[in-house]
Amino acid sequence: MLLEAAIANGWQAEGMDVATAAVKYAREERGLTVHHGLIEDVSLEPGSFDVIVLNHVLEHVRNPRETLAHLRTLLTPTGIIRTEVPNVGSLSARTQNLQSRLKVKKNLWRHYETGHHFWFFTRSTLTRTMRGAGLTPVRVTAGTEQWGEKSLYIRTLNAIYKLTFWGGHLVAYARSVGS
């Protein structure tokens, strides 16, 4: 769990989740500080976080720009936000889009029917969203690091994905404008 890893490395860490069962488990079974609710609804001290991590959160919120702008107020002057989202510009998404356009898929466009994703991001739309929230992206990647495999095949694929931004997920790091 990310919070446990952060704490084990000397960080003071807090979490947040909308799922009651997940919050209860984290609090009661793991002894972690976890807030329950939407980011915008939880009262947190402005300027109190060095790092904010959003793992597959931004695609689920109603207004990503407003959410990021709110989170920006929670950062210290040198703080950073790390966010990871599915990459709609990935090789997989492009392949599925082509299959749907050619009508060779059984369920056309089904890969977009998640029922819980309000937004889909490419490198450029994620970057624009961050800038619109008063953040300066300092690094955006779309590699395959999350696979954790170090074979030549994966290293080669990762290098291609980084160059083309065709990896399945985008990972972006951003700071407040002017920091």
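The rules we used
Residues numbered from 1 in each chain as written. Predicted model: local features only at pLDDT ≥ 70, side-chain atom pairs only at ≥ 80, totals over all residues. Heavy atoms only, no water. Helix = DSSP H or I, 4+ residues; strand = E, 2+ residues; numbered from the N terminus. Buried < 20%, exposed > 50% of the residue type's maximum accessible area, 1.4 Å probe, protein only. Salt bridge = Lys/Arg side-chain N within 4 Å of Asp/Glu carboxyl O. Patch = residues over 30% accessible without salt bridge, like charges linked within 9 Å, V, L, I, M, F, W, Y side chains within 5 Å. Areas by Shrake-Rupley, 256 points an atom, 1.4 Å probe, with all protein chains shown as cover. 1 Å grid on protein atoms, 1.4 Å probe; cavity = no way out; pocket = protein on both sides within 12 Å on 5 of 7 lines; lining within 4 Å. Points joined across faces, edges and corners; volume = space filled by probe spheres on them. Nonpolar A, V, L, I, M, F, W, Y, C, P; charged D, E, K, R; others polar.

A. Summary view of unusual backbone geometry. Backbone geometry at H56 places phi at a positive 55°, although glycine is not the residue there. Backbone geometry at K103 places phi at a positive 60°, although glycine is not the residue there. Within the secondary structure layout, K103 lies in the loop between helix 4 (91-101) and helix 5 (123-132). Owing to a relative accessible area of 63%, K103 belongs among the exposed residues under this scheme.

B. Representation of the pattern of salt bridges in the model. For the structure shown, the criterion picks out two salt bridges. E4 serves as the salt-bridge partner of R30, at 2.7 Å between the closest nitrogen and oxygen. In this pair, R30 sits in the loop between helix 2 (20-28) and strand 2 (34-36) while E4 sits in helix 1 (residues 2-8), placing the two residues 26 residues apart along the sequence. Residue classification places E4 among the partly exposed residues on the basis of a relative accessible area of 25%. Close ionic contact of E84 with R82 constitutes a salt bridge, the shortest N to O distance being 3.1 Å. Just as E84 is buried, R82 falls in that class too.

C. Highlighting a nonpolar patch on the surface. A surface patch of nonpolar side chains, amounting to about 340 Å² of accessible area, comprises L2, W11, V51 and V53. Along the chain, L2 turns up in helix 1.

D. How the structure looks around the layout of surface pockets. Taken as a whole, the largest pocket holds about 1400 Å³ of empty space. Lining of the largest pocket is provided by 43 residues; of these, E14, G15, M16, V53 and L54 occupy positions nearest its centre. When contributions to the lining of the largest pocket are tallied by element, the ones reaching two or more residues are helix 1, strand 1 (15-17), helix 2, strand 2, strand 3 (49-55) and helix 3 (64-74). Take the lining of the largest pocket: its biggest share by element is seven residues, from strand 3. Here the lining of the largest pocket is built from residues that sort into 26 nonpolar, eleven polar and six charged.

Everything listed here is a matter of coordinates, which is why it stays silent on function.
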